Amino acid sequence: MYDRLQAVEDRYDELNELLSDPDVVSDPKRLRDLSKEQSGITATVEAYREYKNVNAQIDETKELLSEKLDDEMREMAKEEFAELQKEKAELEERLKLLLVPKDPNDDKNVILEIRGAAGGDEAALFAGDLFRMYSKYAESRGWKVEIMDANPTGIGGYKEIIAMMNGNDAFSRMKYENGAHRVQRVPETESGGRIHTSTATVAILPEAEEVEIELHDKDIRTDTFASTGAGGQSVNTTMSAVRLTHIPTGIVVSMQDERSQLKNKDKAMKVLRARVYDKFEREAREEYDANRKSAVGTGDRSERIRTYNYPQNRVTDHRIGLTIQKLDQIMEGKLDEIIDALILEDQTSKLEHLNDAN
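Since the structure is predicted, the reported quantities are computational estimates derived from the model, not experimental observations.

Cut-offs and rules
- Residues numbered from 1 in each chain as written.
- Predicted model: local features only at pLDDT ≥ 70, side-chain atom pairs only at ≥ 80, totals over all residues.
- Heavy atoms only, no water.
- Helix = DSSP H or I, 4+ residues; strand = E, 2+ residues; numbered from the N terminus.
- Buried < 20%, exposed > 50% of the residue type's maximum accessible area, 1.4 Å probe, protein only.
- Lys, Arg positive; Asp, Glu negative; His and termini not counted.
- Salt bridge = Lys/Arg side-chain N within 4 Å of Asp/Glu carboxyl O.
- Polar contact = N/O pair within 3.5 Å; in protein donor to acceptor, adjacent residues only side chain to side chain.
- Contact = heavy atoms within 4.5 Å.
- Expected span 1.5 Å × (residues − 1).
- Bend = angle between axes of the 7 residues up to and from the residue.
- Pairing = 2+ DSSP bridges.
- Axes fitted to C-alpha atoms, helices over the stretch in contact; angles between N-to-C directions.
- Core = buried A, V, L, I, M, F, W, Y, C linked by side-chain atoms within 4.5 Å.

Which parts of the structure should I look at to understand the side chain of aspartate 149?
With respect to the helices and strands, the residue aspartate 149 is situated in strand S2 (residues 144-152). Buried within the structure, aspartate 149 lacks any salt-bridge partner; lysine 267 is the closest side chain of opposite charge, at an N-O distance of 7.4 Å. Reaching out from aspartate 149, the side chain makes a polar contact with the backbone nitrogen of glutamine 256 at a distance of 3.5 Å. Apart from the residues within four sequence positions on either side, aspartate 149 is in contact with Ile161, Ile162, Ser254, Met255, Gln256 and Asp257.

Structure representation (structure tokens):
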């Protein structure tokens, strides 16, 4: 572990020199890439330097304890030694976590897709509830949410809604929401008071940049058509709606939220690029041996990950067996307790694999 930490520190020092090199400063792309790399290892380097400093203090305290001291000085040195040992152990655990391989998508923005699944109108209403929950969560973290396309129902829900989430660490926290969400409650339309079970699926895609996934014009078929839908300002008789088909993968994206065909095409390209990137990412993940996968799934959208039980004000995350009697708060966007638990489980699992590999 310490050889790896030293290599990280050496690279950090090298990056410091490169970032002051005139050739790098005059190249915006290289400057951005190197700055991003340095930012990604700063916390590790700072913790490692703190660790080395604590080790040096431990050696000094050991040397002090080997000398002739009066009782009071010896007691003080022993207390300091114990504190330093405790600090060293804490730093070692922190450094292990910092060495866990980071998901390269963690600092990306998110394309959020929510669809009503089993349950008809109730599933569409639940999809709308989930979107409002995520919108409030985004607001609490200072993220910006932009609806890219929506297919609303007449009763306040969504058959489908696609939105962009822009903000610091958006993907690193939202990626755990990928999957099937189940709701148990009495629908407003249910006169007999019976509890119904419905589902909505959530897809969390990292926004892909053009340099990461190159889509060639020859591989994309573009069709235009008149906007349609359940009301809204986007419905018109002009050919402003756009459908893009990525021929090699068969992925199709339709966009009609804007009056401008150009704006719809731009939004559709963002979603298409993210979906193609996500497809390749998932295929690559599937190549890994099952026993090396994290215990917290983030790839299979057919996996039922969470149940929202309204009569009992209960939320259960099935991946980690977490149950919280705070459904009312969760639906108001207070998701950190669940997401923090998922991150901890994910990090612990990855740390175990790292220790096994060593």
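What follows continues from the structure just given.
Any chance you could explain helix H3 (residues 28-65) here in plain terms?
An ideal rise of 1.5 Å per residue puts 56 Å on 38 residues; H3 measures up with 54 Å between its terminal C-alpha atoms. A maximum bend of about 40° is found in H3 at isoleucine 41. Of the residues making up H3, those classed as buried are Leu34, Gln38, Ile41, Thr44, Val45, Ala47, Tyr48, Tyr51, Val54, Ile58, Thr61 and Leu65. Packing partners of the buried residues in H3 comprise helix H1 (2-18), helix H2 (22-25) and helix H4 (71-99).

Hey, could you run me through the sheet that holds strand S11 (residues 322-324) in this one?
Within a sheet, each strand pairs with its neighbour through backbone hydrogen bonds, oriented either parallel or antiparallel. If you walk across this open sheet you meet the eight strands as S2-S3-S1-S5-S4-S9-S10-S11, and the pairing is mixed. The open sheet is flanked by S2 and S11, the only strands paired with a single partner. Neighbour to neighbour, the strand axes of the sheet diverge by 15° on average, direction disregarded. With three bridges connecting them, strand S10 (residues 314-317) and S11 associate as antiparallel partners. Each bridged residue has a counterpart across the sheet, and for aspartate 317 the counterpart in S11 is leucine 322.

Could you clarify how one ought to interpret the pattern of salt bridges in this entry?
Should the charged atoms of two oppositely charged side chains come close, the side chains can pair. All chains considered together, the criterion is met by 27 salt bridges. Between glutamate 14 and arginine 11 there is a salt bridge, with its nearest N and O atoms 3.2 Å apart. Of this pair, glutamate 14 and arginine 11 are both found in helix H1, three residues apart, which corresponds to roughly one turn of the helix. Glutamate 14 sits in the partly exposed class, given a relative accessible area of 40%. In this structure, arginine 115 and glutamate 160 form a salt bridge, with 2.8 Å as the shortest nitrogen-oxygen distance. With a gap of 45 residues between them, arginine 115 in strand S1 (residues 110-116) and glutamate 160 in strand S3 (residues 158-166) connect regions that are remote in the sequence. Beyond isolated ion pairs, a larger network of salt bridges with shared partners links Glu9, Asp13, Arg49 and Lys52.

Would you mind showing me how to read the nonpolar core here?
The nonpolar side chains of soluble globular proteins are, as a tendency, buried together. If you look at the biggest cluster of nonpolar residues, it comprises 35 residues, and the most contacted ones within it are Leu112, Ile114, Leu130, Tyr134, Met174 and Tyr308. For leucine 112, the contacting residues outside a window of four places in its chain are Phe131, Tyr134, Ile161, Ile162, Ala163, Met165, Met174, Val202, Ala203 and Ile204.

Please clarify how unusual backbone geometry should be interpreted in this entry.
The bulk of non-glycine residues show a negative phi, and the bulk of peptide bonds are trans. Non-glycine residue aspartate 169 carries a positive phi angle of around 65°. As for its placement among the helices and strands, aspartate 169 is situated in the loop between S3 and helix H6 (170-174). The exposure class assigned to aspartate 169 is partly exposed, which follows from its relative accessible area of 32%. Look at asparagine 313: it is not a glycine, yet its phi comes out positive at around 50°. Tracing the sequence through the fold places asparagine 313 in the loop between strand S9 (304-309) and S10.

So far we have only geometry, and geometry alone does not tell us how the molecule works.
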